[in-house]
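Tertiary structure, described
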Amino acid sequence: MQHPENDKQYKGLTVNEGVQNLPSVNPYATFRRKKRTLTAKEYFEGIRNGDISILGQAVTLVESSLPADQAIAQQVIEMCLPYAGNSIRLGITGVPGAGKSTFIEALGTELCQEGKHLAVLAIDPSSERSKGSILGDKTRMNELSTQANAFIRPSPSAGSLGGVARKTRETIVLCEAAGFDTILVETVGVGQSETAAHSMVDYFLLLQVTGTGDELQGIKRGIMEMADGIAINKCDGNNIERAHAARVSFRNALMLFPPSESGWKPDAICCSSIDHTGVMDVWHNVEEYITFTKQNGYFEHHRTEQAKYWMYETINAALLNGFYQDEEMDCLIKQAEQQVLNNELSSFIAANKLLDAYAKKK
């Protein structure tokens, strides 16, 4: 198209030619076909063959909230159950900054070098605002992530309380079916509410650092009561003396607790994840605990109690999902919410009315 402004009668005025419309689709782009959805049997066979890629996909499937994905995931879990249970499950918790990820990398690298097959399930806290998670634990475990016999899977907590993700229990089953003989579960480190993490592991390790409080602080009921062992981390450099002093304080505190159901007496051990000193001492303590509890029968009893606990947890989760995913209930919830905001109903009366309505539907 010629612009009239470019005519010779217009002095000193020039309009450049426009650019032709480019195609909206990049002609050089190569389009990939959508990945075929695997069947439950294909997931199971891939897991049993030790295919890490398929194992990762199966974990994603288990963590999905889509009903179609959940249906396949339950089939996969059911197939894997007969091959699960043959591992040592170690839960690791501690305050933020205690060095949980660094400790796991140090311990995991040592275990992998001994020939163990290690799965690390790291739980990353989800934002209350954006609902997202960084999921950066695998990046922080550089050395461990290069081990051929290690599998690191970060998962978002997604608002789940207790320091672990809702689907961590099922993920443990998948990892055990894939042949991993050692499972490390790293919690988000939320303080004294790690009951969910304790209910899915054999040995619960509390990672501590110096300067976290006096002896009275140490004997407060909560996380200390659930711990099967305490590791005082960062026992290196100028911190060695303080770490050993902290060990004495924690040992004194542990003596004040009533005997545990297992009959095991927890100990406090100093270690350094940086220098790799004392790390294997912690692991040897774990092995001693496993041997001790298997001999007195507590090991199997504890796992049976855990299975019962998670049966009730699964029921609670199913009821909760059914309540909120019901279309009729969704409308009633919005109405009740507005009534509460307008001060027409109290929150307690509104909740009871909604529960009554849901019970009548069933």
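See above for the structure.
In this report, we go over the structure that sits alongside the text. Quick caveat, the model's predicted, so the values are computed rather than measured.

**Description of the overall build of the protein chain**
Check the secondary structure of the protein chain and you find 15 helices and 7 strands. Counting across all 362 residues of the protein chain, residues that qualify as buried make up 43%. Long-range pairs, those at least 24 residues apart, make up 73% of the contacts in the protein chain with a sequence separation of at least 6. Carbon together with sulfur atoms contributes 53% to the accessible area of the protein chain, which is approximately 21200 Å² in total.

**Digging into the environment of Asn296**
Mapping Asn296 onto the fold places it in the loop between helix H12 (279-295) and helix H13 (298-325). Once the C-alpha coordinates of Asn296 and Ser262 are considered, the two residues, 34 residues apart in sequence, prove to be 8.1 Å apart.

**Remarks on the packing of helix H3 (residues 67-80) against helix H7 (residues 168-177)**
Packed helices, taken two at a time, are described by the angle their axes make and the gap between the axes. Put simply, H3 and H7 touch, their axes get as near as 9 Å, and they point 50 degrees apart. Accordingly, the angle class assigned to the pair H3 and H7 is oblique. Crossing of H3 against H7: the hand is left-handed. Between H3 and H7, the residues in contact are Val76, Ile77 and Cys80 and Glu170, Val173, Leu174 and Ala177, respectively. Of the residues that constitute the contact of H3 with H7, the class distribution is 6 nonpolar, no polar and 1 charged.

**Description of the side chain of Ser272**
Looking at the element boundaries, Ser272 is found in the loop between strand S7 (268-270) and H12. Here the side chain of Ser272 touches Asp236 through a polar contact of 2.6 Å, side chain to side chain. Of the polar contacts made by the side chain of Ser272, one reaches the backbone nitrogen of Asp275; its length is 3.1 Å. Setting aside chain neighbours within four positions, we find Ser272 in contact with Asn233, Lys234, Cys235, Asp236, Thr277 and Val279.

**Examining the side chain of Arg153**
Structurally, the position occupied by Arg153 is in strand S3 (residues 150-156). In this structure the side chain of Arg153 is engaged in a polar contact, spanning 3.2 Å, whose partner is the backbone oxygen of Gly56. Ignoring anything within four residues of it in the chain, the contact list for Arg153 reads Gly56, Val59, Thr60, Glu63, Val120, Leu121 and Ala122.

**A few points about unusual backbone geometry**
Unusually for a residue other than glycine, His276 sits at a positive phi of about 60 degrees. Inspection of the secondary structure puts His276 in the loop between S7 and H12. In this structure His276 comes out as partly exposed when scored by relative accessible area, which is 31%.

**Considering the layout of surface pockets**
Regions of empty space are outlined by a rolling probe, equal in size to a water molecule, passed over the atoms. Counted as a void, the second largest pocket has a volume near 530 Å³. Lining the second largest pocket are 22 residues; nearest its centre among them are Glu225, Pro258, Pro259, Ser260 and Trp264. Counting residues per element, the ones that place at least two in the lining of the second largest pocket are helix H10 (223-226), helix H11 (240-255) and H13. The element best represented in the lining of the second largest pocket is H10, accounting for 3 residues.

**Some details on the pattern of salt bridges**
Within this structure, the stated rule accounts for 6 salt bridges. With a shortest N-O distance of 2.8 Å, Arg89 and Glu176 are connected by a salt bridge. Residue Arg89 is found in strand S1 (residues 88-94), and its partner Glu176 is found in helix H7; the two are separated by 87 residues along the sequence. Residue Arg89 shares its accessibility class with Glu176, and that shared class is buried. A salt bridge links Arg303 to Asp202; the shortest N-O distance between them is 2.7 Å. Of this pair, Arg303 sits in helix H13 while Asp202 sits in the loop between helix H8 (195-198) and strand S5 (203-208); the two residues are 101 residues apart in sequence, bridging distant segments of the chain.

**Focus: the packing of aromatic side chains**
The full count for this structure, using the stated rule, is 8 aromatic pairs. Here the aromatic rings of Tyr309 and Trp310 are separated by 5.4 Å at their centres, their planes lie at 85 degrees, and the arrangement is edge-to-face. In this structure Trp310 comes out as buried when scored by relative accessible area, which is 12%. Between Phe323 and Tyr324, the aromatic rings sit 5.1 Å apart at their centres with planes inclined by 90 degrees, giving edge-to-face as the arrangement. For Phe323, a relative accessible area of 11% gives the class buried. Accessibility expressed as a relative area gives 51% for Tyr324, which makes it exposed. Connected via pairs of aromatic rings, a cluster forms that spans Tyr203, Trp264, Tyr289 and Phe292. Note that Lys294 overlies the ring of Phe299, its terminal NZ or CZ placed 5.0 Å from the centroid.

**Some thoughts on helix H4 (residues 100-113)**
Helix length check: H4 (14 residues) gives 20 Å between terminal C-alpha atoms against 20 Å at 1.5 Å per residue, within 8%. Among the 14 residues that make up H4, 11 are buried, leaving the element largely enclosed by the rest of the structure. Among all positions in H4, only Lys100, Ser101, Phe103, Ile104, Glu105, Ala106, Leu107, Gly108, Thr109, Leu111 and Cys112 are buried. Two residues or fewer past H4, Gly115 is found with a positive phi of approximately 95 degrees.

**Quick notes on the pairing of strand S6 (residues 229-232)**
The two faces of a sheet get side chains in turn, since along a regular strand they alternate between them. Both faces of S6 are covered, namely the face carrying Gly229 and Ala231 and the face carrying Ile230 and Ile232. Across 4 bridges, S5 lies against S6 in parallel orientation. Of the residues in S6, the one forming a bridge with Leu207 is Ala231. Bridge count for S6 against S7 is 3 bridges, and the pairing is parallel. Looking across to S7, one finds that Ile230 is bridged to Ala268.

Rules of the game
Residues numbered from 1 in each chain as written. Predicted model: local features only at pLDDT ≥ 70, side-chain atom pairs only at ≥ 80, totals over all residues. Heavy atoms only, no water. Helix = DSSP H or I, 4+ residues; strand = E, 2+ residues; numbered from the N terminus. Buried < 20%, exposed > 50% of the residue type's maximum accessible area, 1.4 Å probe, protein only. Contact = heavy atoms within 4.5 Å. Areas by Shrake-Rupley, 256 points an atom, 1.4 Å probe, with all protein chains shown as cover. Axes fitted to C-alpha atoms, helices over the stretch in contact; angles between N-to-C directions. Parallel < 35°, antiparallel > 145°, perpendicular 65-115°, else oblique. Left-handed = near helix turned anticlockwise from the far one by under 90°. Nonpolar A, V, L, I, M, F, W, Y, C, P; charged D, E, K, R; others polar. Polar contact = N/O pair within 3.5 Å; in protein donor to acceptor, adjacent residues only side chain to side chain. 1 Å grid on protein atoms, 1.4 Å probe; cavity = no way out; pocket = protein on both sides within 12 Å on 5 of 7 lines; lining within 4 Å. Points joined across faces, edges and corners; volume = space filled by probe spheres on them. Salt bridge = Lys/Arg side-chain N within 4 Å of Asp/Glu carboxyl O. Phe/Tyr/Trp six-rings, centres within 6.5 Å; stacked < 30°, edge-to-face > 60°. Lys NZ or Arg CZ within 6 Å of the ring centre and 35° of its normal. Expected span 1.5 Å × (residues − 1). Pairing = 2+ DSSP bridges.

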